[in-house]
Amino acid sequence: MRELSTQLLEGVDVMSAVVDTGSFGGASEVLDMSPSGVSKAIARLESRIGIRVFERTTRSVRLTDEGRRFYEQVMPLIAALAEATGNAAGDARKVRGRLRVNVDPLFAQLVLGPKLGSFMDTHPELEIELRSKDELGDLVADGFDLAIRFGHPQPSSLVARKLFDTHVLAVASPAYLKRFGHPKDPHDLEQEHHRCIQFREPVTGRPFPWEFQHGRRKMTVRPHGMLTLNDPGTLHSTCLAGLGIGQLFELGIGDDLAAKRLINLFPDWSDHRFPLYAYYPSRHHVPAKTRALLDFVISLAHL
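Since we're looking at a predicted model, the values are computed, not measured.

(A) Geometry of empty space enclosed by the protein. Counted by the stated rule, this structure contains one cavity of 30 Å³ or more. Surrounding the largest cavity, Leu 106, Phe 107, Leu 110, Val 111, Phe 150, Phe 249 and Gly 252 form its lining. Residue contributions to the lining of the largest cavity peak at four residues, all from helix H6 (residues 105–122). Among the residues making up the lining of the largest cavity, the classes are represented as six nonpolar, one polar and no charged.

(B) Spotlight on the side chain of His 272. By secondary structure assignment, the location of His 272 is in the loop between strand S12 (263–264) and strand S13 (273–280). Sequence-distant contacts of His 272, that is, excluding residues within four places in its chain, are made with Thr 166, His 167, Val 168, Glu 211, Phe 212 and Gln 213.

(C) Highlighting the side chain of Lys 289. In this fold, Lys 289 is placed in helix H10 (residues 288–300). Within polar-contact distance, the side chain of Lys 289 engages the backbone oxygen of Arg 98 at 2.4 Å. When residues no more than four places from it in sequence are discounted, the contact partners of Lys 289 are Val 95, Arg 96, Arg 98, Leu 99, Leu 126 and Asp 145.

(D) Representation of unusual backbone geometry within the structure. A positive phi angle is found at Asp 32, which is not glycine, with a value near 60°. As for its placement among the helices and strands, Asp 32 is situated in the loop between helix H3 (24–31) and helix H4 (35–49). The exposed category is assigned to Asp 32, whose relative accessible area is 73%. The phi angle at Lys 260 is positive, at roughly 60°, despite the residue not being glycine. By the element assignment, Lys 260 lies in the loop between helix H9 (254–258) and S12.

(E) Expanded view of the packing of aromatic side chains. Tallying each qualifying case throughout the model produces ten aromatic pairs. With centroids separated by 6.3 Å and ring planes inclined at 90°, the aromatic side chains of Phe 208 and Phe 274 adopt a geometry described as edge-to-face. Of this pair, Phe 208 sits in the loop between strand S7 (197–199) and strand S8 (210–214) while Phe 274 is found in strand S13, placing the two residues 66 residues apart along the sequence. When the ring of Phe 212 is compared with that of Phe 266, the centres are 5.7 Å apart and the planes differ by 90°; the resulting orientation is edge-to-face. Here the residue Phe 212 occupies a position in strand S8, and Phe 266 occupies one in the loop between S12 and S13, the gap between them amounting to 54 residues. We note that Phe 212, like Phe 266, is buried. Here a set of aromatic residues connected by ring pairs shows up, and it is made of Phe 107, Phe 150, Phe 199, Phe 208, Phe 249 and Phe 274. Between Arg 100 and the ring centre of Phe 144, over which it is positioned, the NZ or CZ distance is 4.7 Å.

The rules behind the values
Residues numbered from 1 in each chain as written. Predicted model: local features only at pLDDT ≥ 70, side-chain atom pairs only at ≥ 80, totals over all residues. Heavy atoms only, no water. 1 Å grid on protein atoms, 1.4 Å probe; cavity = no way out; pocket = protein on both sides within 12 Å on 5 of 7 lines; lining within 4 Å. Points joined across faces, edges and corners; volume = space filled by probe spheres on them. Helix = DSSP H or I, 4+ residues; strand = E, 2+ residues; numbered from the N terminus. Nonpolar A, V, L, I, M, F, W, Y, C, P; charged D, E, K, R; others polar. Contact = heavy atoms within 4.5 Å. Polar contact = N/O pair within 3.5 Å; in protein donor to acceptor, adjacent residues only side chain to side chain. Buried < 20%, exposed > 50% of the residue type's maximum accessible area, 1.4 Å probe, protein only. Phe/Tyr/Trp six-rings, centres within 6.5 Å; stacked < 30°, edge-to-face > 60°. Lys NZ or Arg CZ within 6 Å of the ring centre and 35° of its normal.

Now the structure itself:
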């Protein structure tokens, strides 16, 4: 067995800081090192492991393919080592450190953001950074520990863990229904009499199809409308304002439905569900901070 020494880990913290901040200069500020010190530490790491870790230009720094594989393999082990050290010191239940999360904008605005206070109270030693992004992007190169996204997973080297499903509902405000009337079934939304608010899917750039389900029966309609959006907060606010009918996730509008600020138009056609997934680099040695947030997010489906 190879003897464990500090040399094996030397430079890994510098590499992690460069990934987190996106630059050598940012890493130097975080680590309180000189930029040349950061550069030399990375050069020594590359020399020791025999690969080029970063591609560097005057404008950007990104992991090479070999560097990304090394990062994905070593960082969960470093996190596990830090957690094991805490366990040995009697700190087994502590969730601490920095947690950077790429989170779906709709989930961030309507679900996670308003409920995050209790999680922060439970884990006061955890520093959380939420980035609302329309796309998953490169989780490792962008320095994220975790991503939380609505939608079915695309092929990827990341671990994709389904957290739960939420119903997709066609809703409108009482003001809209007073002006335009209550549609009898989903096919009525194709009539010019109604105004539907389309939402543009960030990956394909096309509006989401409007799907409805009643038991095993499924239906797809082409709604008529004047307005297309790509921001979930605006979709929610325009529905509340009576501008049209929108499809929203039940998880984020429970209070609006209970207070009758929004009306579920087709209760019999509300069985269509959409999944929420978590993505992270490896299923081995998942850090305690990541597990804690995943458990919290899963609990939100039952509130």
